[in-house]
Amino acid sequence: MEIFVVLKKFLCKLVKNNYNGGRDNEIIIKKIKTLEEDFKMAYKITDACVNCGACESECPVNAISAGDGLYVVDAATCIDCGACASVCPVDAPQPE
Ligand code: SF4
Ligand code: SF4
């Protein structure tokens, strides 16, 4: 499991930094999703969310959207990169 987390962080960093000019982002995201299906990991936004919206633009796969009183993550789209958690002022996004 630990090797998966390390690999996934590496792949997410490639996407975030637009490795190879972003030309390979789609392929890399597909690979991350394949890994995700095997390990079934995603982030969830908890009730601590204060609805600031800071996380939405950070998500490399547009998995976050405004919900009813708090933002929500589409678990099927989330690649578990943790970028939302890194910008949240109240630590609302948590790994499921
Ligand atoms: S962890 Fe957060 S930023 Fe990363 S893909 Fe999932 S919802 Fe988007
Ligand atoms: S950054 Fe945190 S508080 Fe702001 S919308 Fe996202 S989850 Fe909610």
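These remarks concern the structure in this document. Fair warning: this is a prediction, and the values are worked out from it, not measured in the lab.

1. Looking at the nonpolar core
In terms of nonpolar packing, the biggest core is built from 20 residues, with Cys55, Cys59, Ile64, Val73, Ile79 and Cys84 touching the most fellow members. The set of elements that each furnish at least two residues to this core consists of α1 (2-16), α2 (25-39), β1 (43-45), β3 (71-73) and α3 (83-87). Ranked by residues supplied to this core, first place goes to α2 with 3 residues. Residues in contact with Cys84, not counting those within four places in the same chain, are Tyr43, Cys55, Glu58, Cys59, Ile64 and Pro93.

2. Quick notes on α1
Taking 1.5 Å as the rise per residue, α1 with 15 residues should run 21 Å; its terminal C-alpha atoms sit 21 Å apart, in good agreement. Turning to α1, its buried residues are Lys8, Cys12 and Val15. In an axial view of α1, the angular spread of the buried residues amounts to 55 degrees, which keeps them on one side of the axis. Every exposed residue of α1 that faces more than 90 degrees away from the buried side is listed here: Glu2, Ile3, Val6 and Phe10. Against the buried residues of α1 lie α2. Where α1 terminates, the next one or two residues include Asn18, which has phi positive at roughly 50 degrees.

3. Quick look at α2
Relative to the 21 Å expected for 15 residues at 1.5 Å per residue, α2 spans 21 Å between its end C-alpha atoms, a close match to the ideal helical length. Every buried residue of α2 is listed here: Ile28, Ile29, Ile32 and Glu36. All buried residues of α2 fall inside an arc of 100 degrees around its axis, so they share one side. Across α2 from its buried face, at more than 90 degrees, point the exposed residues Glu26, Ile27, Lys30, Thr34, Glu37 and Asp38. Where α2 is buried, its residues meet α1.

4. Concerning the site of ligand 1
In the vicinity of ligand 1 lie 15 residues, with Tyr43, Cys59, Cys78, Cys81 and Cys84 positioned nearest. For the shell around ligand 1, the per-class residue count stands at 12 nonpolar, 1 polar and 2 charged.

5. Observations regarding the packing of α1 against α2
Two numbers describe how α1 lies on α2: the axes approach to 10 Å, and their chain directions differ by 155 degrees. The angle between α1 and α2 falls in the class roughly antiparallel. Where α1 crosses over α2, the handedness of that crossing is left-handed. Only Asn25, Ile28, Ile29, Lys31, Ile32, Leu35 and Phe39 of α2 make contact with α1, whose side of the interface consists of Phe4, Lys8, Leu11, Cys12, Leu14 and Val15. Per-class residue counts for the contact of α1 with α2 are 10 nonpolar, 1 polar and 2 charged.

What counts, and where the lines are drawn
- Residues numbered from 1 in each chain as written.
- Chains lettered and ligands numbered in written order.
- Predicted model: local features only at pLDDT ≥ 70, side-chain atom pairs only at ≥ 80, totals over all residues.
- Core = buried A, V, L, I, M, F, W, Y, C linked by C-beta atoms within 7 Å.
- Buried ≥ 20, exposed ≤ 12 C-beta atoms within 10 Å, placed from the backbone.
- Helix = DSSP H or I, 4+ residues; strand = E, 2+ residues; numbered from the N terminus.
- Contact = placed C-beta atoms within 7 Å.
- Expected span 1.5 Å × (residues − 1).
- Arc of directions from axis to C-beta.
- Near = placed C-beta within 6 Å.
- Nonpolar A, V, L, I, M, F, W, Y, C, P; charged D, E, K, R; others polar.
- Axes fitted to C-alpha atoms, helices over the stretch in contact; angles between N-to-C directions.
- Parallel < 35°, antiparallel > 145°, perpendicular 65-115°, else oblique.
- Left-handed = near helix turned anticlockwise from the far one by under 90°.

Note that every value here comes from positions in space, so none of it alone points to a role or purpose.
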